[in-house]
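Structure assessment
The primary structure of each chain is shown beneath.
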Amino acid sequence: MVAFIVSAIRLGMTFLFGSTGETITEKSGHLNLGIPGVMCVGASCGCFAEYLYLTAAKRSVEPILAVLIPILATLLGGALMGLIYSFLTVTLRCNQNVTGLTLTTFGVGVSDFMIAKTGAIYSKGSKYFTAALPFADDLGWFGKIFFSHGILIYLAIAIALISSFVLSKTRIGLNLRSVGENPATADAAGINVARYRYMATCIGCAIAGLGGLSFVMDYLHGNWEYCIDAIGWLAIALVIFTVWKPNLGIIGSIVFGALYIASSYITGVSFASKELFKMLPYIVTIVVLIFTSIRDKKENQPPQSLGLPYFREER
Amino acid sequence: MDKTAAIELKNITKTFGSVVANKQVSLSVNRGEILSILGENGSGKTTLMNMISGIYFPDEGEIFINGEEAVIASPKDAFQYKIGMIHQHFKLVDVFSATENIVLGLEEKGRYNLKEAEQKVHAICEQYGFELDPHKKIYTMSVSEKQTVEIVKVLYRGADILILDEPTAVLTPIEIRKLFSVLRKMREDGKAIIIITHKLNEVMEISDRVSVLRKGEYIGTVNTAETDEAELTEMMVGKKISLNIHRSEPKNPTPRLEVHHINCSNREGVKMLDDVSFTAQAGEILGIAGIAGSGQRELLEAIAGLQKLDSGAVLYNNPQTGKMDNLCSKTPLQIRELGVRLSFVPEDRLGMGLVGNMDIVDNMMLRSYSKGKSMFLERKAPRDLAEHIIDELEVVTPNANTPVRRLSGGNVQKVLVGREIAAAPTVLMAAYPVRGLDINSSYTIYNLLNEQKENGVAVIFVGEDLDVLLELCDRILVIGSGHVTGVVDARTATKEEIGLLMTKTTVAEKGERS
Amino acid sequence: MAGMGKTKHSRIHIVKREALPWYYRVGVRALAIVAALIVTAVVIMLLTHKNPIQVYISMLKGAFGTELRIWSLLQNIAILLCISLAVTPAFKMRFWNCGAEGQVLVGCLATTAVMMFLGDSLPLPLLWTVMLIAAVGAGIVWALLPAVTKSLWNTNETLFTLMMNYVATQLVAFFLKTFVKNGSGVLPPMPEYGLPRLLNKDYLLNIVIVVVLTVLVYIYLKYTKQGYEIAVVGESENTARYIGINVRKVVIRTLVVSGALCGVAGLLLVGGTNHTISTTTVDGRGFTAIMVSWLAKFDPLYMVLTTFLIVFLDRGTQQVATDFRMPNALSDIVTGIILLFIIGCEFFLQYKIVSAKAGKENA
């Protein structure tokens, strides 16, 4: 049971990065369907940086650098993807869906390329990411559940909490939400809509990128053998599931993680039925989506101008 | 008292292309004063106010704030001069609370503190007597509450020159009374207030002085205490101008469409039509006059089957069967299936009447495409019709396959009116069919309407130019705030008479309802 | 303070263009493709240190090098085009159906199931008919759910259809693990139940069917009343209301068409090509189709061109990858880059940049 919870948390946190990033992006009115690609690119950049560092450092590896360098590279890679997306959708006014899907194609290509070229060689780097807090073992199951995780897990929670705070309790958050809800009003209030959309998308993509890194380095222990775009789509599902609230995302992501791996921990589930269990996160999301649209409670709806472009009226 | 005006405009001129929106307008407002700006639709009131609030920039003229010349090039500049504008269409975020909307976009120093902001909002409400729950979400608010948020928003930003663009258009009489009491308190507090309105009784009630605009020109300013509604109406509508629109005597008019006591409300629950009854006769043009937004659109859409009615009946006297059909609560399709040939030229030409991205031929089919059993479209007849309309109405277009979005306003309208007339209607409704059109196109439209009338069609013409209404129509139905305020004979009525009816908000006291 | 505000006005100003002559439109797009090809060559050069000319030759060889490759190219075009045709009616109506991937996959699944369970008991022509009905039915069900919730409660269709993709994927995974006896999860092909081969060519039937479908969809959208209604609803719901179109009915009917075509694509993929199924049978083509359709401005005839471009790039770069010992994923990267260029160039076709002159009323 403890092992199940620990696993669910570890998997859930990779979703959490993605969903927090996508929530921030969507709050600005951008429905970025490139998130799976962004997470792939994030993972690729981080892994590649780790590979370079470990190669360069040979035996004198600084654990802190071994974690920090890939994280920075991932953030950079993710932000760059966000920049491309924003440039195309805001500056060049392209269709958001088409741009996002193209970025996914591109990102999946990049990560597949990485897998094929460098394969599952990241387990060496992975141990720096999965290092638990030293006192975790002394605290029994409690320690296992709360303190046995690698740094990225705590980072995910921290980012989700900070994002939630920024979105609901700061002026920047207020402005950002107004951009996603009603850009014309935001514009009239003197808010630079384009700048907010650029910033939110780049920051959101950078965070989402970390999800890719976390999945490869933490959850897979560096054994990167298959494409990870599925976690991107789960992250998008999670945004809906948590009705665009990053703090709910912490619980939501653990629920998703649990649903995703539940089949392996329940005895008596056939090999085949496990696949049906993996369907659950999507089914649950669909139910939530339909349910919120029926209830039509304004607070739980997608940002009103999600997916819509905004240009100041042409006269 | 300080004699310098809070804001003074000198010889402001603004043109859009060849259209002069404001010509040499000068006016001023002092602190502790309410100035009404009065004028018909299209007289340039809103353009003028937009220049004060930084949305447009004047071509000529100067603006002085507190005696110093000011350059207002953006809404931000206006805000720095402590000018606050309350637009007719609210700019609010639905899912935000009142306070969140009020502080949105502010760049205050210090930490973001919603609690403090709420207290400040509360203080403003106390001071001026607003009733506002700072936590309430916009989407749960009534129109009047939303307006309160907008006003508090500009006060919160420290505005001491307030411009309200037709603030009473969307309010109930009780809400208007509340608004006025708030405005009076702000006046006592030394704010300079400009209120744009059409309603004479409100002008008389609330303002200290009245400035009148007509067709972009500044007519004059009078002290409210020294004037009356008749004088203001005359200033507003001006002398009658002869347009020489051809008008024939109606040939044996028979009732075609009878509207009985219809009521309807808009999405916000505001009553848009209140017990409206009238009869449109075949072989006659019935004009509908009224301030914009008094329920004209709802009325036409109700007849066309596009607007849900709360109560009432729309009866169609079918000349083929001689029976009366009730069109109420029927869809446009069902109405057509009844054999009712109802044509409708809506106000929103490219958003409703036509599809901008489709070519003229395809737009011809909009009304008729579903005829016949075949699953395929029949483009031959629409093409012929398109060619015919292009020839007959002199539509300027490269060919019939040009998307209508590329045509000029007048040509778009010819295409739309041409199509609606081609359906050989028995009732033809046209909402502002000459808005934005040049003189020649306008006369083409008048002639088309006249032709239809002579063919025995019941024509309903919603217009804004009183001169046109008086010369084109046979009878004029005047509506104000969703009520019928009178029906006049267009051959004998005067502009003043109609102007007064238009600006009246209620009919009860004058007993005209019988 | 005076004059301060003036600097805040942006000097650059974007306006919508008038219609451009066809050669201009073609020119800009060609330029974008050329620019993208150059960028691609640079990327490949950096990765392989090979002469770009060699790279291009390799691409051409990959697409057209042998008869087999040409057939394979055509077959891939056919499938992608079929899926693109499927999403087009929905897109034209501004219904963002991002679920073609799943709709095709359930079509594949239905076809496979019929082949597996009824293959022995039915005569071939009847089997094919049942396969068609099953595939089309499955596609329709998958498309109909989001359409119904959209028209009833305005449920966000983009998100709903996206989720349905993964439900379909897991369903296929479940199917494979349940019914593949040896437990490997790999279903051996069943060519004996496949669709007939025309003129003894493997993919000819697929190609013929898709050519016919292309023409049919073109006619449907352009010359039928239903197609006309789709266009009106897509352009303006207000106009649709004005002329008495029942918008809900049109949305649902159109998604039935969309789902049915996806089902056909599934049939062709399994019955006419692979004769088996895996979770990656559709291989992202449901998403690529969205781009194909959008780039062609929802015109089925132009879609032939855009499909060709994308498939050519894909096949070509796969050859480059093989020739220069690079991973196959290279083709996704290249396709991504080129698409980004083409998407970006649309801006220059629709808008022009003018510097704001004295005329302030434009601001």
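So, a few notes on the structure that sits alongside this text. Only a predicted model underlies this, so the values are computations on that prediction, with no experimental measurement involved.

Some words on the overall build of chain A
Each helix and strand counted, chain A has 13 helices and zero strands in total. A globule of 315 residues ought to have a C-alpha radius of gyration of about 20 Å, and chain A, at 19 Å, matches this closely. Projected onto its principal axes, the C-alpha positions of chain A cover 65 × 45 × 35 Å. Looking at chain A as a whole, 61% of its 315 residues qualify as buried. Between the centroid of the 22 positive side chains of chain A and the centroid of its 17 negative side chains there is a distance of 4 Å.

Comments concerning the pairing of strand 10 (residues 217-223) of chain B
Residues and elements named next belong to chain B. Sheet topology places strand 9 (residues 209-214) next to strand 10; six bridges connect them, and they run antiparallel. Counted as the bridge partner of S211 is T221 from strand 10. As consecutive antiparallel partners, strand 9 and strand 10 are separated by two residues, and within that stretch K215 has a phi angle of approximately 50°, a positive value.

Here's the deal with the interface of chain C and chain B
Counting residues at the interface gives 30 residues for chain C, matched by 43 residues for chain B. Counting the surface lost from both chain C and chain B, the interface buries some 3,100 Å², and carbon and sulfur atoms represent 57% of this. It is K225, Y228 and Y242 of chain C that lose the most area in chain C upon contact with chain B, and together they represent 29% of the buried surface on that side. Taken together, chain C and chain B are joined by one salt bridge. In this structure, R241 of chain C engages E301 of chain B in a salt bridge whose closest nitrogen and oxygen atoms are separated by 4.0 Å.

Things to note about the pattern of salt bridges
Residue and element names in this part refer to chain B. Scanning all chains against the criterion turns up 24 salt bridges over all chains. Here R187 makes a salt bridge to D208, at a shortest N to O gap of 2.9 Å. Of this pair, R187 sits in helix 6 (residues 173-188) while D208 is found in the loop between helix 7 (200-206) and strand 9, placing the two residues 21 residues apart along the sequence. Judged by its relative accessible area of 29%, D208 is partly exposed. Three or more residues are tied together by salt bridges with common partners; here these are E249, K453, D474 and R491.

Quick word on the interface of chain C and chain A
You'll often see interface size given as the accessible area lost when the parts meet. Between chain C and chain A, the residue contacts involve 46 residues of the former and 48 residues of the latter. The junction of chain C with chain A conceals about 4,300 Å² of combined surface from both sides, 80% of it contributed by carbon and sulfur atoms. On inspection of chain C and its partner chain A, the count reaches zero salt bridges. At the boundary of chain C and chain A, one finds two residue pairs in polar contact (both at pLDDT 80 or more). The set of elements that each furnish at least two residues to the side of chain C that touches chain A consists of strand 1 (12-16), helix 5 (124-153), helix 6 (157-179), helix 11 (285-295) and helix 13 (330-350) of chain C. Broken down by element, the side of chain C that touches chain A gets its largest block of residues, 14 residues, from helix 6 of chain C.

Cut-off values and rules
Residues numbered from 1 in each chain as written. Chains lettered and ligands numbered in written order. Predicted model: local features only at pLDDT ≥ 70, side-chain atom pairs only at ≥ 80, totals over all residues. Heavy atoms only, no water. Helix = DSSP H or I, 4+ residues; strand = E, 2+ residues; numbered from the N terminus. Rg over C-alpha atoms; globule rule 2.2 N^0.38 Å. Buried < 20%, exposed > 50% of the residue type's maximum accessible area, 1.4 Å probe, protein only. Lys, Arg positive; Asp, Glu negative; His and termini not counted. Charge placed at Lys NZ, Arg CZ, Asp CG, Glu CD. Pairing = 2+ DSSP bridges. Contact = heavy atoms within 4.5 Å. Buried area = accessible area lost by both parts, 1.4 Å probe. Salt bridge = Lys/Arg side-chain N within 4 Å of Asp/Glu carboxyl O. Polar contact = N/O pair within 3.5 Å; in protein donor to acceptor, adjacent residues only side chain to side chain.

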